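# Inside the fold
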Amino acid sequence: MSRAPQTVGIIANPASGRDVRRLTANAGLFSSTDKVSVIQRLLAAFGATGIDRVLMPTDMTGIAAAVLKNSHGRQARSSHWPALEFLDLTLRQSVEDTRLAARWMAERGVALIAVLGGDGTHKAVAAEVGDIPLLTLSTGTNNAFPELREATSAGLAGGLFVSGRIPPGIALRRNKRLLVREPSRGLCEMALVDVAVSSLPFVGARAISRGTDLAEVFVTFAEPQSIGISALCGLWFPVSRQAPGGAWMRLDARSPEALLVPLAPGLLQGCGVLAAGSLEPGVAHRLCLASGTLALDGEREIEFNAHDRPTVTLDAGGPLSIDVNATLAHAAQQRLLAIGREHPQHPLNLEPQDTLENKNVDTADR
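Quick notes on the rules
- Residues numbered from 1 in each chain as written.
- Predicted model: local features only at pLDDT ≥ 70, side-chain atom pairs only at ≥ 80, totals over all residues.
- Heavy atoms only, no water.
- Helix = DSSP H or I, 4+ residues; strand = E, 2+ residues; numbered from the N terminus.
- Buried < 20%, exposed > 50% of the residue type's maximum accessible area, 1.4 Å probe, protein only.
- Contact = heavy atoms within 4.5 Å.
- Areas by Shrake-Rupley, 256 points an atom, 1.4 Å probe, with all protein chains shown as cover.
- Polar contact = N/O pair within 3.5 Å; in protein donor to acceptor, adjacent residues only side chain to side chain.
- Arc of directions from axis to C-beta.
- Expected span 1.5 Å × (residues − 1).
- Pairing = 2+ DSSP bridges.
- Axes fitted to C-alpha atoms, helices over the stretch in contact; angles between N-to-C directions.
- Core = buried A, V, L, I, M, F, W, Y, C linked by side-chain atoms within 4.5 Å.
- Salt bridge = Lys/Arg side-chain N within 4 Å of Asp/Glu carboxyl O.
- Parallel < 35°, antiparallel > 145°, perpendicular 65-115°, else oblique.
- Left-handed = near helix turned anticlockwise from the far one by under 90°.
- Nonpolar A, V, L, I, M, F, W, Y, C, P; charged D, E, K, R; others polar.

Attention now moves to the overall build of the chain. Helix and strand counts for the chain come out as 10 helices and 18 strands. Here the chain holds 366 residues, and the buried ones make up 50% of them. Contacts in the chain between residues at least 24 apart in sequence constitute 68% of all its contacts with a sequence separation of at least 6. Element-wise, carbon and sulfur atoms account for 51% of the exposed surface of the chain, whose accessible area totals about 16,800 Å².

Have a look at this one:
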């Protein structure tokens, strides 16, 4: 019986890893060449796991052009890359390019979208694609939502899920989110990691690089090893990705208790801590300031005042993402990557769930 073609999308933010924090801190550069290399490793893993087609948007930095050129090479043929299809977008060189590409892929019915970027890129994609799972890859500056991992392993996990070899209950993780609402303006925005309340009155350069500019922070999760605004809670009141709740922290430079925080790579700031606690799902929190700006996932986006002061609510209905560790652990347990001798170059050219799970294998024969 023939199977339906498997199609996935890849969205690489050309601007990720190249923002102002290269000037205000000591952040590294994630170049277009680096992103091309990541995409090629994904394509090799997708080809090995039976993905038939990959959709990608065009861009103005040469990422798509380089991938297209390399798709005709020997390495692509030997790795059985999937067929590539490119969307010729009318580019604005803004987050709207990412949003448009995500909507286009959702309309085409992709089974998965691999996202190369930081927290903001993943937020933009998640806002457009509903329950299409994301394969998250970190190529930004202050990344908390996309975990840092090798693209080949991530691609194997994504491909195994799309090909039907990993049950959704194992492969997929539902993420938390923060909803920012202000009904009088019709405002409803989402953050995947953190919402920061700043006394700065204007959006300006967006990034927050001074601890003294922060008055309050809300997080979906906060890990001690994080870099960025969520590191405040991570180093004072940590909460895991798997926990049902989040955390909040109130800040004031005059507080007698202070915390040293890496707000960006190489940028350490002292922040005065007034209080911290758990953030319960479904409870709307009013902001501590009457006016200022809100930074969503690290970048200021919303200006507010006493007449239109938003609320922040933790919500369990965030995007789905591939749990790479759980997926590959299941693949190892079930030997889903075992190679048949008669088809050494096509190890996974099998029907879904055609594995060694129910076969008797004598360990002496291996």
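Picking up where we left off.
On to the environment of His122, then. Summarising the element assignment, His122 is placed in helix α6 (residues 119–129). The spatial distance from the C-alpha of His122 to the C-alpha of Thr98 is 9.3 Å, given a sequence separation of 24 residues. Here the side chain of His122 touches Gly118 through a polar contact of 2.8 Å, landing on its backbone oxygen.

The set of residues buried in helix α10 (residues 324–334) consists of Val324, Thr327, His330, Ala331 and Gln334. Buried residues of α10, viewed axially, fall in a sector of 135°; they line one side. Of the exposed residues in α10, the ones pointing more than 90 degrees away from its buried face are Asn325, Ala332 and Gln333. Contacts made by the buried residues of α10 are with β5 (134–138), α7 (151–162), α8 (168–171) and β18 (320–322). Just downstream of α10 lies Arg335, where phi reads positive at about 55°.

Next up on the list: helix α2 (residues 32–48). Residues spaced three or four apart along an α-helix face the same direction, because each turn holds 3.6 residues. Spanning 17 residues, α2 covers 25 Å between terminal C-alpha atoms, matching the ideal 24 Å at 1.5 Å per step. Along α2, the positions that sit buried rather than exposed are Ser32, Lys35, Val36, Val38, Ile39, Gln40, Leu42, Leu43, Ala45, Phe46 and Gly47. Just downstream of α2, Gly50 is the residue with a positive phi angle, here 90°.

This paragraph deals with the sheet that holds strand β17 (residues 311–315). What the four strands build is an open sheet, ordered β8-β7-β17-β14; its pairing is antiparallel. Whereas interior strands pair on both sides, the edge strands pair on one side only; in this sheet they are β8 (187–191) and β14 (284–286). Adjacent strand axes in the sheet meet at a mean angle of 25°, parallel and antiparallel pairs treated alike. Where strand β7 (residues 177–182) meets β8, five bridges bridge the pair, whose relative direction is antiparallel. Bridging from a neighbouring strand, Val180 pairs with Glu189 of β8.

What follows concerns the side chain of Ser198. Secondary-structure assignment places Ser198 in strand β9 (residues 194–198). Side-chain polar atoms of Ser198 contact the backbone nitrogen of Leu200, separated by 3.1 Å. Among all residues touching Ser198, those that are not within four sequence positions of it are Ile208, Asp213, Leu289, Ser291, Gly292 and Thr293.

The strand order across the open sheet formed by seven strands is β12-β13-β11-β10-β9-β15-β16, and the pairing between neighbours is antiparallel. In this open sheet, the two strands that pair with only one neighbour each are β12 (258–264) and β16 (299–304). Along the sheet, successive strands turn relative to each other by an average axial angle of 35°, direction set aside.

Let's shift gears to the nonpolar core. As a rule of thumb, nonpolar side chains are buried together in soluble globular proteins. In this structure, Ile10, Ile39, Leu42, Phe46, Val54 and Leu135 are the most contacted members of the largest nonpolar core, which totals 34 residues. For this core, the elements supplying multiple residues, two or more each, are β1 (7–12), α2, β2 (53–57), α3 (63–70), β4 (113–117), β5, α7 and α10. Excluding its chain neighbours within four sequence positions, the residues that come into contact with Leu135 are Leu42, Phe46, Leu112, Ile113, Ala114, Val115, Ala154, Gly155, Gly158, Ile322 and Val324. In this structure, Ile113, Leu134, Leu192 and Val193 belong to the second largest nonpolar core, which totals 23 residues.

Keep in mind that most residues, glycine aside, have a negative phi and that most peptide bonds are trans. Phi is positive for His80, which is not a glycine, with a value near 55°. Tracing the backbone shows His80 in the loop between α4 (74–78) and β3 (83–87). Of note in this structure, Gln93 is not a glycine but carries a positive phi near 55°. Tracing the backbone through its elements, the reader meets Gln93 in the loop between β3 and α5 (95–107). Given the relative accessible area of 63%, Gln93 is considered exposed.

Next up on the list: the pattern of salt bridges. One pass over the full model with this rule turns up 18 salt bridges. For Glu216, the salt bridge goes to Arg250, with nearest N and O atoms at 3.1 Å. Highlighted residues: Glu216 in strand β10 (residues 214–219) and Arg250 in strand β11 (residues 246–251), separated in sequence by 34 residues. Exposure remark for Glu216: the relative accessible area of 2% places this residue in the buried category.

The subject of this paragraph is the packing of α2 against α3. Packing of α2 against α3 brings their axes to within 9 Å, and their N-to-C directions diverge by 45°. Here α2 is positioned oblique relative to α3, judged by the angle of their axes. Crossing hand, α2 versus α3: right-handed. Listed contacts from α3 to Ser32, Lys35, Val36, Ile39, Gln40 and Leu43 of α2 are Ile63, Ala66, Val67 and Asn70. Per-class residue counts for the contact of α2 with α3 are six nonpolar, three polar and one charged.

Structural measurements only, silent on function.
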